[in-house]
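What the coordinates show
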Amino acid sequence: MKPIPYGRQDIDQIDIDAVIETLTSDFLTQGPKIEEFEKKFASYIGVNYAVAVSNGTAALHLAALALGVKEGDKVITSPITFAASANCIRYCGGEVVFSDIDPKTFLLDIDKVRKLLESSPKGTFKGIIPVDFAGYPVNLEAFRALADEFGLWIIEDACHAPGAYFRDSNSQVQMSGNGKFADLAIFSFHPVKHIATGEGGMITTNSKELYDKLMILRTHGITKNPDLLQKNDGGWYYEMQQLGYNYRITDFQAALGLTQLQKADKGLKRRQEIAKRYDEAFANTHIVTPLVSEDVYHAFHLYVIQHPNRLNLYNHLRANHIYAQVHYVPVHTMPYYQSLGWNQGDFPIAEKYYAHCLSLPMYPTLTSEEQEYVIQKVLE
Ligand SMILES: *Cc1c(COP(=O)(O)O)cnc(C)c1O
């Protein structure tokens, strides 16, 4: 049997044809496919604006810049996430403040964030970056209420959750990244994520003001919009009005994003099926399976189990060519963040979670036969 990874892209002939067609068109970058991808992605998520960028980390960086993060600003995030969720604050000279996770959902624990805010002088913190970890959507309605109380902004890291939703207090469906509660949300199109463009990312928002800022920051801080220019020397004229970056995505990546988006719902359904089968197979064992709740639609970017002897299980699977993974080594225990004063022991729930977690293979093209093999090896 061929090696089974924990996650993998789904590329078919339709994707390949779309990329090739764009490669032979007039534009390799900054062409029409980018805007089309942004519009279709925005409509899929149910948000007003979307800005495509070169990767999810660039999306986080631009989001932090657009919200004005600067030297010394304190921002709260979860230790159980990919390092980039925290790093974006450091890029702007801000300070990352971690807060522990909820032991059931593994998401940033809102009660602990409240305690942190209440025990600090007003104005200490500028924002919160909750993460839809593994594809379990954060209850952003609750985070919005808390953020408003303390005058904070919210960046939702929705990299794991395109298509996920929670039901708000009026039982309304709220899709991850829809901009209803968070100021900005970000996505990644890295091949292990739901939609693959190679490298790629997206920022979504309902704020026209933030959208305009992001569009300028994405391209060097340069604008050609006649309404924004300080003077105008002619048709060629442009102005660099602030320090921006080249965080653009290419047109052929956007073309791939478009064909990937067309099968996003099919992929989500397949992920649900796979999760259900794992749930059944591990019921009545000492394996703890992911929380299931009627209030949320879990996007299952990851299927994370908890096991008392994770190292043995990991090694046994590996010996059988099953490449399960650990998500994540807690960010506050990374040497870089330790050098900034964080320590092992700071977040007991996150560290306990890390001691037992393992992400089993989860991707739409995982066959039933492969999944049964994984289950058999896990049960062994
Ligand atoms: C993948 C990921 C990122 C970064 O995305 P890249 O496209 O790899 O830069 C950020 N946050 C989370 C939670 C992710 O999973």
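Residues numbered from 1 in each chain as written. Predicted model: local features only at pLDDT ≥ 70, side-chain atom pairs only at ≥ 80, totals over all residues. Heavy atoms only, no water.

A few points about the site of the ligand
Test applied: It suffices for a single heavy atom of a residue to lie within 4 Å of a molecule or strand for the residue to be listed as near it. Throughout this description, a polar contact denotes any pair of N or O atoms lying within 3.5 Å of each other; where both atoms belong to protein, one of them has to be capable of donating a hydrogen while the other can accept it, and for residues adjacent in sequence the pair is counted only when both atoms sit in side chains. Per-residue accessibility takes into account occlusion by the displayed protein chains alone, with areas from the Shrake-Rupley method and a 1.4 Å probe. Each helix corresponds to a stretch of at least 4 residues labelled H or I by DSSP, and each strand to a stretch of at least 2 residues labelled E; elements are numbered beginning at the N terminus.
Taken together, 15 residues surround the ligand, and among them G56, T57, H160, S188 and K193 come closest. A distance of 2.8 Å separates a nitrogen atom of the ligand from a polar atom in the side chain of D157. One of the side-chain nitrogen or oxygen atoms of S188 is found 2.7 Å away from an oxygen atom of the ligand. Isolated, the ligand exposes 380 Å² of accessible area, and the fraction of that covered by the protein chains is 93%. Taken together, the elements giving at least two residues each to the shell around the ligand come down to α3 (56–66) and α4 (84–91). In terms of residues, the shell around the ligand owes the most to one element, α3, which gives 3 residues.

A closer look at the packing of aromatic side chains
Two numbers describe a pair of aromatic rings. These are the distance of the centres and the angle of the planes. Selection rule: A pair of Phe, Tyr and Trp rings is counted when the ring centres sit within 6.5 Å of each other, with Trp represented by its six-membered ring. The angle between the planes then sorts it: under 30 degrees is stacked, over 60 is edge-to-face, the rest tilted. With a 1.4 Å probe rolled over the protein chains alone, any residue whose accessible area is under 20% of its type maximum counts as buried; one over 50% counts as exposed, and the rest are partly exposed. Either the NZ atom of lysine or the CZ atom of arginine qualifies as a charge over a ring when it sits within 6 Å of the ring centre and within 35 degrees of the ring normal.
Going through the model one piece at a time under the given rule, you end up with 19 aromatic pairs. Taken together, a centroid distance of 5.3 Å and an interplanar angle of 50° make the contact between F37 and F189 tilted. With F37 in helix α2 (residues 32–45) and F189 in the loop between β9 (184–188) and β10 (201–205), this residue pair connects regions lying 152 residues apart in the sequence. Classification of F37 by relative accessible area gives buried; the value is 0%. On the numbers, 4.9 Å between centres and 80° between planes, the contact of Y336 with Y337 is edge-to-face. Within the aromatic cluster, the residues linked to one another by ring pairs are F82, F106, F133, Y328 and Y353. The ring of F150 is capped by K122, whose NZ or CZ atom sits 4.9 Å from the centre of that ring. Positioned over the ring face of Y354 is R310, at 5.2 Å from the centre of the ring.

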